[in-house]
Every structure is written in C-alpha cells, then in structure tokens.
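Okay, here's what each chain looks like letter by letter:
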Amino acid sequence: MRTFAYARADSVERAVDAQHAQQAGAFVAGGTLLLDLVKLDVMRPQQVTDISALPMKEVAFVDDDRLRIGALVTNTDLAHHPDVRQHYPLLSQAILNGASTQIRNMASTGGNLMQRTRCPYFRDVAAACNKREPGSGCDAMQGINRMHAVLGGSEHCIAVHPSDMCVALAAIGATVTLQGPDGTRDVDFGNFHRLPGETPHQEQDITDDELIVALTLAPPLAPQGAAYVKLRDRASYEFALAAAGAMISLDGDMIGEARLALGGVATKPWRCAEAEEILRGQPAETATFERAAEAALADAQPLEHNAFKVPLARQAIVRALRDATRDAKEGHA
Ligand code: SF4
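Predicted, not measured: the structure shown is a model, and the values here were computed from it. As a convention, each chain's residues are numbered from 1 in the sequence order in which they are written. Side-chain atom pairs in this predicted model are given and counted only at pLDDT of 80 or more, local residue features only at pLDDT of at least 70, and totals for whole chains, interfaces and linings cover all residues. Side-chain numbers come from the whole structure's heavy atoms, not from hydrogens or water.

Chemist: I would appreciate a short explanation of the overall build of the chain in the present structure.
Modeler: In terms of helices and strands, the chain carries 12 helices and 12 strands. As a reference, a globule follows 2.2 Å times the number of residues to the power 0.38, and the radius of gyration itself is taken over C-alpha atoms. For 333 residues, the compact-globule estimate of 2.2 N^0.38 gives 20 Å, and the C-alpha radius of gyration of the chain, at 20 Å, lies within 12% of that figure. Projecting the C-alpha coordinates of the chain onto the three principal axes gives extents of approximately 60 × 50 × 35 Å. A burial count over the chain gives 54% of its 333 residues as buried. The contacts in the chain between residues at least 6 apart in sequence include a share of 64% that link residues at least 24 apart. In summary, the charge assignment counts Lys and Arg as positive and Asp and Glu as negative, without counting His or the chain termini. Each charge is placed at NZ for Lys, CZ for Arg, CG for Asp and CD for Glu. Taking the 32 positively charged and 42 negatively charged side chains of the chain as two groups, their mean positions are separated by 6 Å. A run of H or I in DSSP counts as a helix once it spans at least four residues, and a run of E counts as a strand once it spans at least two, with each numbered from the N terminus. Buried, partly exposed and exposed residues are distinguished by accessible area as a fraction of the type maximum, computed with a 1.4 Å probe on protein chains only: under 20%, between the cut-offs, and over 50%, respectively. Residue contacts are defined here by distance: any two heavy atoms, one from each residue, within 4.5 Å place the two residues in contact.

Chemist: For this particular structure, what's the right way to read the pattern of salt bridges?
Modeler: Any two side chains of opposite charge can pair if their charged atoms end up close together. A pairing counts as a salt bridge when a side-chain nitrogen of Lys or Arg comes within 4 Å of a carboxyl oxygen of Asp or Glu. Per the stated rule, a full pass over the model turns up 19 salt bridges. Where arginine 314 meets glutamate 294, a salt bridge forms, and the shortest distance between an N and an O atom there is 3.3 Å. Here arginine 314 is found in helix α12 (residues 309-329), whereas its partner glutamate 294 is found in helix α11 (residues 286-296), with 20 residues between them in sequence. What makes arginine 314 partly exposed here is its relative accessible area of 27%. The exposure class assigned to glutamate 294 is partly exposed, which follows from its relative accessible area of 46%. Ionic pairing is found between aspartate 323 and arginine 326, a salt bridge with its closest N-O pair at 3.6 Å. Placement of both aspartate 323 and arginine 326 in helix α12 is noted, with a separation of 3 residues, approximately one turn of the helix. Salt bridges here are not isolated pairs; linked through shared partners, they connect Glu257, Arg259, Arg271, Glu276, Glu277 and Arg280.

Chemist: Would you explain the sheet that holds strand β11 (residues 254-263) in this entry?
Modeler: Within a sheet, adjacent strands bond to each other through the backbone by hydrogen bonds, running parallel or antiparallel. Only strands that DSSP links by at least two bridges are regarded as paired with each other. Taken in spatial order, the 4 strands make up an open sheet running β9-β10-β11-β12, and their pairing is antiparallel. In this open sheet, the two strands that pair with only one neighbour each are β9 (225-231) and β12 (270-271). Here strand β10 (residues 242-251) runs beside β11; their pairing, made up of 8 bridges, is antiparallel. Each bridged residue has a counterpart across the sheet, and for alanine 246 the counterpart in β11 is leucine 260.

Okay, structure coming up:
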C-alpha cells in the first residue's frame, strides 16, 4: 500500500481548504470504501483529510416537511431514525438491504453517495478500465459482464452503480448540498450521478475540492406504501442483480401517486419516470404493474452474460409495486 499524509479537519471550511490545496487529496469519513481502494492501489491519494469529527450528524425537518440529513449520519442511524422510518420507509428499507451491520455502522450518508462501482475490472489494476484509467479501454465489454448494467451504459463503461440507499433517494427525490472554496451549492439528486458517456471517470457532479455537507429529501408522499425488493445471489451482504424501490399512494383502488427506481441494472440510480406515468390514475393491480415494468425495461441493452437481468428486474418491479400497494392498504403512514 502506498503511504499518504493524514490530517483531521476541525471545521468544514478548513476541510475544504485543505482539499483545495492538494493535487491528489481525498476526504475520509467511515473509510469503508476509500481504504479498500487504497489497499488495492485503485485510489492513490497523497493527502487524506479526516472529516469524521465535523458537525454534520443531525437529522431534522426543515421547511416543515423536508428532512435534512447531515452527510456524516451513519447508514445505521439513518435507517433507524424515527422520522425516516415513519415518513420515508423506503429509505430505511433500502439501507437495511445494503452491506452488513458492521459496514452500515461506519458508512456515512455522504460516503454512500460517493460509492465507487464494484466492477471487478475497475478493482483490478491489471485490467483495462476507462473509469480508473481514462482512455485505457473496458475489459468488461468482452469479459464476464454478468453483473453489469443493461440501462444507461455506453461503449466506454457499463458498470453498475452499487448503492441501495441511492435507489430509494432516486425515488423519493432529494437535493445534495455541497460546500466548496467559494461557498455552497445545491444539486438535484437526479443529476448528481452522471451517465458514463465518454467520460466514465467523472461519476458525480462534484469537484475534487467540494464536500457533501447534507442531503435534503423531498416532502414525503402521504399516505403511502413503500417496498424495496432486492434480488441477489445470496440473501445478505451482497450487491443487487436487480432491485426495485416503489412508493404508492392510493385513492380507493386506484393509484394516486407512484414513484419507482431501480438498482443493480443501471449505471446510476435509475428513476423510472415513464413507468410512473403509466401507474398514475390506474387500478392498483398486477396488470398495471406489469405494464409499468415493461416500460421501465423498454430501453434495456443486455450484454453477453446479463440478459437474465431484464426479466429479473421486471419481476422485482412487479413485486415491489404489489408490496407497496399492500403496505398502503394496511395504512403504513
Ligand atoms: Fe471500467 Fe466501467 Fe469497463 Fe468496469 S465497465 S471495466 S468500471 S470502464
């Protein structure tokens, strides 16, 4: 492992200034991903700024109906927070489907947004990977691509975004607040993660010297039902082959509002706007859910080894919508 300088920041401003002064710096909070990638020689920071002591651990409603989450709130604390469990159950469910208890205890909200892909070629410095080494090629294209994306890929990268939490955030809607050397700015969550296009190494709308300080959720649907369905090779501590997060509000037997997002099949957290349109105002029944699932996967481009993800994702969608409907009928909120 390469050595790096380490400093502990005592304010957000000083953390950002320290990063601004570096050519190859990195922030560390829980360290659940950065340290793995440093050990693998995939990331090579010369200076690591520890932000774990900064005051960004609050969860509270602002403007009466939008939940603001500090970037250092751990995944465990967020999943079990009473306001999240009551008003944003999809977020709680998605987080608890991710990683392991130990990792959730350390991983931060901001770090989850900055997760890197689990593409094995990205993590193998002997492989060609445009995301790790721009212009070097992509060994996944002709390699073992069973785990890779069927939505949102390009000829330069087909890596899946790995986060469960971000699937829920895509469905809920949120604003990401960044602090940089010149102040703060807000980015819509739907635009925060980028499609790979020709620049798969540019993964988020954030510069090297900006720090995520908070996430503010859109007002909750009420009353709502929610369900997160994650299909994977084993029952725990595994990334999704296909996942669906759904929120439904009902008007009698008809769907009022619907939100749907996918994980495990796309290069970024994947909001299914067309499928949501199909759902609104329609009977809350299997035939409607199947039409929405068809629409959500209509643009899928399967590769040699991952065509099975298309029907798998459709099943995840139908199940998530069915479970969310049942939850709404039982009067979750
Ligand atoms: Fe790299 Fe993306 Fe290709 Fe994986 S899919 S090897 S991350 S360029």
